[in-house]
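Tertiary structure, described
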Amino acid sequence: MILELDCGNSFIKWRVVSEGDSGVNCGGVVGSDEELISAIRQQPVSLKACRLVSVRTDEETTRLVASLKRDFAIECIRACPAVELAGVRNGYEQFERLGLDRWLAVVGAYRQVQKACLVLDLGTAVTSDFVDASGQHLGGFICPGVPLMRNQLRTHTRRTRYDDVLAEQALHSFAPGRSTAEAVERGCSLMLQGFVRTQLDMARHYWGGSFEVFLTGGDAFLVVDMIPGARVTPDLVFIGLAIACPLS
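These numbers were taken from a predicted model, which means no experiment stands behind them. (Residues numbered from 1 in each chain as written. Predicted model: local features only at pLDDT ≥ 70, side-chain atom pairs only at ≥ 80, totals over all residues. Heavy atoms only, no water.)

1. Focus on helix α1 (residues 33-41)
Three- or four-residue spacings in an α-helix give side chains the same orientation, since the helix completes a turn every 3.6 residues. Of the positions making up α1, those classed as buried are Asp33, Leu36, Ile37, Ala39 and Ile40. Down the axis of α1, the sector holding all buried residues measures 165°, keeping them to one side. Seen from the open side of α1, the exposed residues pointing more than 90 degrees away from its buried face are Glu34 and Arg41. On its buried side, α1 packs onto β1 (2-7), β2 (12-17), β3 (24-30) and α2 (58-72). (Buried < 20%, exposed > 50% of the residue type's maximum accessible area, 1.4 Å probe, protein only. Helix = DSSP H or I, 4+ residues; strand = E, 2+ residues; numbered from the N terminus. Arc of directions from axis to C-beta. Contact = heavy atoms within 4.5 Å.)

2. Observations concerning the sheet that holds strand β4 (residues 49-54)
Consider a sheet: its strands pair through backbone hydrogen bonds, and that pairing is either parallel or antiparallel. Taken in spatial order, the five strands make up an open sheet running β3-β2-β1-β4-β5, and their pairing is mixed. Unpaired on one side and paired on the other, β3 and β5 (76-78) mark the two borders of the sheet. Here the average twist between neighbouring strands, direction ignored, is 15°. Against the sheet, α1 makes contact with β1, β2 and β3, and its axis sits at roughly 20° relative to β2, the strand it touches most. Here α2 sits on the sheet in contact with β1, β2, β4 and β5, set at roughly 155° to β5. (Pairing = 2+ DSSP bridges. Axes fitted to C-alpha atoms, helices over the stretch in contact; angles between N-to-C directions.)

3. Details of the pattern of salt bridges
Side chains bearing opposite charge may pair, as long as their charged atoms lie close to each other. Here the structure, examined in full by the defined rule, presents 15 salt bridges. Of the charged contacts, one joins Arg56 and Asp33 as a salt bridge, the two residues approaching to 3.5 Å between their closest N and O atoms. Residue Arg56 is located in the loop between β4 and α2, and its partner Asp33 is located in helix α1; the two are separated by 23 residues in the primary sequence. Judged by its relative accessible area of 11%, Asp33 is buried. Residue Glu59 pairs with Arg63 through a salt bridge whose shortest N-O separation is 3.9 Å. Of this pair, Glu59 and Arg63 are both found in helix α2, four residues apart, which corresponds to roughly one turn of the helix. Looking at Arg63, the relative accessible area reads 43%, which means it is partly exposed. Connected via shared salt-bridge partners are Glu4, Arg15, Arg51 and Asp235. (Salt bridge = Lys/Arg side-chain N within 4 Å of Asp/Glu carboxyl O.)

4. Here's the deal with unusual backbone geometry
Located in the positive-phi region is Ala73, a residue other than glycine, with phi close to 55°. Its place among the elements puts Ala73 in the loop between α2 and β5. Relative accessible area serves as the criterion here: at 68%, Ala73 is assigned to the exposed category. Of note, the phi angle at Gln114 is positive, near 55°, even though the residue is not glycine. You can see Gln114 is positioned in the loop between α3 (100-113) and β8 (117-122). Take Gln114: its relative accessible area is 47%, and that puts it in the partly exposed class.

5. Concerning the packing of aromatic side chains
Enumeration over the complete set of coordinates arrives at five aromatic pairs. Arranged with centres 5.8 Å apart and planes meeting at 75°, the rings of Phe130 and Tyr206 form a pair that is edge-to-face. One end of the pair, Phe130, is in strand β9 (residues 125-131); the other, Tyr206, is in helix α6 (residues 180-207), with 76 residues separating them in the sequence. The buried category is assigned to Phe130, whose relative accessible area is 2%. Seen in terms of ring centroids, Trp207 and Phe211 are 5.9 Å apart; in terms of plane orientation they differ by 50°. Their pairing is tilted. (Phe/Tyr/Trp six-rings, centres within 6.5 Å; stacked < 30°, edge-to-face > 60°.)

6. Some remarks on the side chain of Asp132
Summarising the element assignment, Asp132 is placed in the loop between β9 and β10 (137-144). Among buried Asp, Glu, Lys and Arg side chains, Asp132 stands out as unpaired, with Arg89 the closest opposite charge at 4.7 Å. Polar contacts involving the side chain of Asp132 include one to the side chain of Ser134, which spans 2.7 Å. Among residues more than four places away in sequence, those in contact with Asp132 are Tyr110, Lys115, Ala116, Leu138 and Trp207. (Lys, Arg positive; Asp, Glu negative; His and termini not counted. Polar contact = N/O pair within 3.5 Å; in protein donor to acceptor, adjacent residues only side chain to side chain.)

This is the structure we're talking about:
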């Protein structure tokens, strides 16, 4: 079994896959190294190796790798920045500055369709990336996601206080909000949808209708109805990770 990790700024996504066919055995999302170690220990799996992508500091990542080696006797292979991978050419002027999670998502998307792609990752932050039919990454955009927008309002606006239950209930409609929770949740969601529409317009300007849209991230459900035919791919980063760090 192979342990795969996507170490973000807020959470660690993990899964254990079988060798060869990459069938997923188990997985989840945790908030700390300690929670990850505990979650893996509860699974009836025998780990052979680990591959990971991390946007955390080198110190944090090195500490996690050491913990995994100590507790499970496995070596970890880390994804690294690259000028080119699997037919995709990095579009950043300083290629090493492109976030590794974005890079692997682009590689994973293009590898699947071999045509122009718009990759949208809708998580704590929202990112978009454009890659043309030849595999040239054209660049992209980064903006706050719904969690960041919501938290900023809750933190800096004294009267913006409500719980998660009200937040969920608020999204049952997109009529103008008649409570603070409705106004904030629906407003943030509409801002997200506006961003996505702009990205779609740009992709159409580049490629007409000849491109694929990939959606990943926890808030993909907020925009999926806007994009008929979009490929909702929660494990897109892991697909790119397997390409970057083959273990067979």
